[in-house]
Amino acid sequence: MNLYIPASDISTVSFRQKVSSQDASFNYTTSTTTLASDVEADIQPLAARLVEDQTGGSYRITHRMFSPADSSVVSLLPSSVIQVVDASRTYQLRGVKNYGSHMESDLEELS
């Protein structure tokens, strides 16, 4: 990553995708797939605010994350639910700006 981030601010996170499907009895099931793990990132708190997306809807963001660019994550948004999990918290990925060398992600804290 080309950003200078003090070592004390770096977290190790995983990107997880929630996938819904139907079983043989046509019951809905939800599973989680890990897209990437052991990703070094800097997650910074923001004042909670509403942001408008490309479709005119709005979502709440509470944190911003700086991390290496990951094409698998960028290509899945906005059609998939992607979660970012660090040691103690879970966030939902709400928006990504890909700058080539790194990406800045809008997060909503879930727990």
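Quick caveat: nothing in here was measured; it's all calculated off a predicted structure. (Residues numbered from 1 in each chain as written. Predicted model: local features only at pLDDT ≥ 70, side-chain atom pairs only at ≥ 80, totals over all residues. Heavy atoms only, no water.)

(A) Seen up close, the overall build of the protein chain. Counting secondary structure elements, the protein chain contains 1 helix and 6 strands. For the protein chain, the sequential pattern of α-helices and β-strands runs β-β-β-α-β-β-β. Of all 111 residues assigned to the protein chain, the portion counted as buried reaches 36%. About 6,700 Å² of surface is accessible on the protein chain, with carbon and sulfur atoms providing 46% of the total. (Helix = DSSP H or I, 4+ residues; strand = E, 2+ residues; numbered from the N terminus. Buried < 20%, exposed > 50% of the residue type's maximum accessible area, 1.4 Å probe, protein only. Areas by Shrake-Rupley, 256 points an atom, 1.4 Å probe, with all protein chains shown as cover.)

(B) Looking closely at the pattern of salt bridges. The tally for this structure, following the rule as stated, stands at 5 salt bridges. Close ionic contact of Arg60 with Glu108 constitutes a salt bridge, the shortest N to O distance being 3.6 Å. Residue Arg60 is located in strand E3 (residues 58-68), and its partner Glu108 is located in strand E6 (residues 102-109); the two are separated by 48 residues in the primary sequence. Using a relative accessible area of 14% as the deciding quantity, one classes Glu108 as buried. Between Glu108 and Arg94 there is a salt bridge whose closest N-O contact spans 2.6 Å. You can see Glu108 sitting in strand E6 and its partner Arg94 sitting in strand E5 (residues 90-98), a full 14 residues away along the chain. (Salt bridge = Lys/Arg side-chain N within 4 Å of Asp/Glu carboxyl O.)

(C) Structural detail: the pairing of E6. With 7 of 8 residues buried, E6 lies mostly within the body of the structure. Note that E3 and E6 share 6 bridges and pair antiparallel. Bridging from a neighbouring strand, Ser67 pairs with Met103 of E6. The pairing of E5 with E6 spans 7 bridges and is classified as antiparallel. Bridged to Gly95 within E6 is Asp106. Between E5 and E6, which follow one another and run antiparallel, lie 3 residues, and Gly100 among them has a positive phi close to 85°. (Pairing = 2+ DSSP bridges.)

(D) Looking closely at unusual backbone geometry. Positive phi is not limited to glycine here, since Phe26 has a value of about 65°. On the accessibility criterion, Phe26 (62% relative accessible area) is exposed.

(E) Geometry of the side chain of Glu108. Reaching out from Glu108, the side chain makes a polar contact with the side chain of Arg94 at a distance of 2.6 Å. In contact with Glu108, other than residues within four places in its own chain, are Arg60, Thr62, Thr90, Tyr91, Gln92 and Arg94. (Polar contact = N/O pair within 3.5 Å; in protein donor to acceptor, adjacent residues only side chain to side chain. Contact = heavy atoms within 4.5 Å.)

(F) Highlighting the environment of Ser111. By the element assignment, Ser111 lies in the segment after E6. Remark: the alpha-carbon pair of Ser111 and Val85, spanning 26 residues in sequence, is separated by 9.7 Å. Residue contacts for Ser111: discarding those within four places in its chain leaves Ser88, Arg89 and Thr90.

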